[in-house]
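Secondary and tertiary structure notes
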Amino acid sequence: MKKIEIFEVALCCSTGVCGPSVNEDLLRITAAVNKINASGGNAICYNLNSNPDVYVKNVIVNELLMKDGETVLPITLLDGIVVKTKAYPSNNELADWSGIALSTDASSNDCGCNSACCGDSESGCC
Amino acid sequence: MLKLYEPAKLDLKKYIFFTGKGGVGKTSTACATAVTFADRGNKVLLISTDPASNLQDVFETTLDNKGVQIQGVPNLTVLNLDPIQAAYEYKESVVGPYKGKLPESVIKNMEEQLSGACTVEIAAFNEFSNYLTNKELEAKYDYIIFDTAPTGHTLRMLQLPTAWSTFISESQHGASCLGQLAGLEDKKDMYKNAVNNLANAELTTLVLIAKPEYSPLFEASKTSHELKELGVKNQILIINGIFEGDAGLCDISKRLVEKQTTALQNIPEEIRNLPAYKIPLRDYNVTGIEKIRLMLKSNFLTDSSEVVEIKGYHKLNELIGYLHAQNKKVLFTMGKGGVGKTTLAASIALGLIARGEKVHLTTTDPANHLKLLVESTENLTVSSINPEEAVKKYRQDVLEKAKQTMSQEDLSYIEEDLRSPCTQEIAIFNVFASIVDACDEEVVVIDTAPTGHTLLLLDATETYHKEVARIKGDLPDAVKKLLPRLRNAQETEVIIVTLPEATPVYEAQRLEEDLKRAGIHTNWWIVNSSFSLVDTEQPLLTAKAKAERMWINRVYDLAKGHIVLLPWLKENITAKTLPKFFE
């Protein structure tokens, strides 16, 4: 069973709900991680505020942080190897890595602005 | 008719908690209660968790967080806990070991997330939980008196039934404040006992203190409700500062009595049936043991200390002239509840209209007496935000979104997060942002504001979102635009409002520091409701006027002379009386 580790930024709350907007990524990741673990997989999220230790002890993560600063977060490791930085993995990626079925990213082209185009060309939705 | 507050005649329990809004007299009442019992031969420990505590002045003794025996009151030990300091130490203990091991930007991100209201609450609760459950102290003292009680939010946090056992220990996904508590897991039994002791009516009395005014009474009723819900039901109410002087002496005192009578007749339902007591308004500052002893007994006419000269002040009209000349577009009146923000926001709005500007005025004041002004003036748009509705709507939106992906168990933690002070501020802030955004053609005057912490949180999240390639749950556009706007001193003016008293001034000072951290520039201060500027022969009020001057001068220094001083106003605030402020 491959181990998925996600190193997040320090947030006031990891659900993101006491931040200025609901970060659906955080909610999605919470649910996905719970599902993976409940199905016999192995996934873990670290919040910089509650587990700073692992950001120091993990050599790969620490080097990335020292080089690029906090903007490199979130970092995802798969069995200790970096598979993603600066963004959360999608459900498809998580499913691939863990071998556990998750709800697919039906909305992978949806930038999260409900129905209309949000005008953010980088998000690739318009 | 209210009965006089005489602690010795009441059935007060071993643990006594005093709670109430800043500036209502918590500290002096707690001190007077402590001294009363100590003088009767009881062993008493008095603990203050108020960061603005002036216990040192009150006892004219240097205090520490270990406990100091008070000279002249042999049975009394006093302890001063500073939650800001405690929060700072807690933050340092979390972050300190990582300095040098993680890059500066990461450390900063951590520090900011630990600068919020949650951290202060946790650190404070952590400290006094200790005093509430310590067996040694329990045996040593007859009474353990706390000035400042835990908020409902803190208690709920610590009561979450499943939080400790499953959530924190098994899941790495801690909810906000609970996540912070993870580091203190070894204290979970202590927290549980503390909450149990608080809720035990045989052990604890909770004393709500208010002044005979709308806003502190409203605040007391809210606290009362929250604490009752959590099982802390052994409550009494003290109304401090009842004016009993000769109302016939002058117009001012007559009006004072009328205002107070109205407030007491309209006392909120929630606290109407609590056992209630009064403490009359005193004409002296409660400093020194002699005056503490007097406080619950009698007046002590005319303070003999020297009269301090006021260093100087501006009129509100001069401030309005400045705002107009500088072409400021977004104005905030900031400060704690009850200092008169709404009234001042309205006066400033009217003053600007008189100078030919179009103004949009918006408020979160639950009393919303701005309604009175709507019809009366051209070029004025008034809107009001009901904070409770804003929060309710925000919660619904969040839960609606969360339900799509989360299990019921996860949802309960989100629901708890949604009760945090941060969430409330952000919900209101979103509504503000949309109002400011819609008003490019007018001057926008806003009577309440988010704290510096919230602003930094928004900033951090905005930056964070930029880094995330696929953005979900994006920051509202209005909020994005508002932040740079607030930091632009050319366009925005933040005016700090306070009263000429110890606690409100200390609180305003902390607010200013928060804003500075968030990169928001402040300049002007308004000191409201001064008795120094009213004509009165009434000895009690004259003495009050004398006592407030050192606070006026302190603000003068803080604001480098950019201070507006306003008189205590005898009239009720209406469309007609409002212009009096800027005349």
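Residues numbered from 1 in each chain as written. Chains lettered and ligands numbered in written order. Predicted model: local features only at pLDDT ≥ 70, side-chain atom pairs only at ≥ 80, totals over all residues. Heavy atoms only, no water.

To continue, consider the packing of helix H3 (residues 83-95) of chain B against helix H4 (residues 104-113) of chain B. All names here are of chain B. It is at 10 Å that the axes of H3 and H4 come closest, and there the two elements cross at 145 degrees. Crossing handedness for the pair H3 and H4: right-handed. Of H4, the residues touching H3 (which contributes Lys91, Glu92, Val94 and Val95) are Ile107, Met110 and Glu111. Grouping the amino acids of the contact of H3 with H4 by side-chain chemistry returns four nonpolar, no polar and three charged. (Axes fitted to C-alpha atoms, helices over the stretch in contact; angles between N-to-C directions. Helix = DSSP H or I, 4+ residues; strand = E, 2+ residues; numbered from the N terminus. Left-handed = near helix turned anticlockwise from the far one by under 90°. Contact = heavy atoms within 4.5 Å. Nonpolar A, V, L, I, M, F, W, Y, C, P; charged D, E, K, R; others polar.)

This brings us to the confidence of the model for chain A. Scored by pLDDT, chain A comes out at a mean of 77, with 72% of its residues at no less than 70. In this model, residues 107-126 of chain A is a region of pLDDT below 50 whose contacts with residues beyond four sequence positions or in other chains number 20 contacts. (pLDDT = per-residue confidence, 0-100.)

This next bit is on the packing of aromatic side chains. Residue and element names in this part refer to chain B. By the definition in use, this model includes eight aromatic pairs over all chains. Look at phenylalanine 17 and phenylalanine 146: their rings are 4.4 Å apart centre to centre, the planes differ by 0 degrees, and that puts the pair in the stacked class. With phenylalanine 17 in strand E2 (residues 15-19) and phenylalanine 146 in strand E6 (residues 143-147), this residue pair connects regions lying 129 residues apart in the sequence. Assigned by exposure class, phenylalanine 17 and phenylalanine 146 land together as buried. (Phe/Tyr/Trp six-rings, centres within 6.5 Å; stacked < 30°, edge-to-face > 60°. Buried < 20%, exposed > 50% of the residue type's maximum accessible area, 1.4 Å probe, protein only.)

Now for the side chain of Glu512(B). All names here are of chain B. Inspection of the secondary structure puts glutamate 512 in helix H23 (residues 502-517). No salt bridge is formed by the buried glutamate 512. Its closest oppositely charged neighbour is lysine 516, at 4.7 Å. In contact with glutamate 512, not counting residues within four places along its chain, are Ile496, Thr522 and Trp525. (Lys, Arg positive; Asp, Glu negative; His and termini not counted. Salt bridge = Lys/Arg side-chain N within 4 Å of Asp/Glu carboxyl O.)

Moving on to unusual backbone geometry. Between Leu73(A) and the following residue, Pro74(A), the backbone shows a cis peptide bond with an omega angle of -5 degrees. Here Pro74(A) shows up in the loop between helix H3 (59-68) and strand E3 (75-78). Residues other than glycine seldom take positive phi values, yet Lys560(B) does so here, at roughly 50 degrees. With respect to the helices, strands and loops of the structure, Lys560(B) is situated in the loop between helix H24 (539-558) and strand E16 (563-567). Residue Lys560(B) is classed as exposed on the basis of its relative accessible area, which comes to 69%.

Let us look at the side chain of Ser383(B). All names here are of chain B. Among the structural elements, serine 383 can be located in strand E12 (residues 380-384). For serine 383, a relative accessible area of 18% puts it in the buried group. Of note is the side chain of serine 383, whose polar atom sits 2.8 Å from the side chain of histidine 360. Excluding residues that lie within four positions of it along the chain, serine 383 makes contacts with His360, Leu361, Thr362, Thr363 and Ile435. (Polar contact = N/O pair within 3.5 Å; in protein donor to acceptor, adjacent residues only side chain to side chain.)

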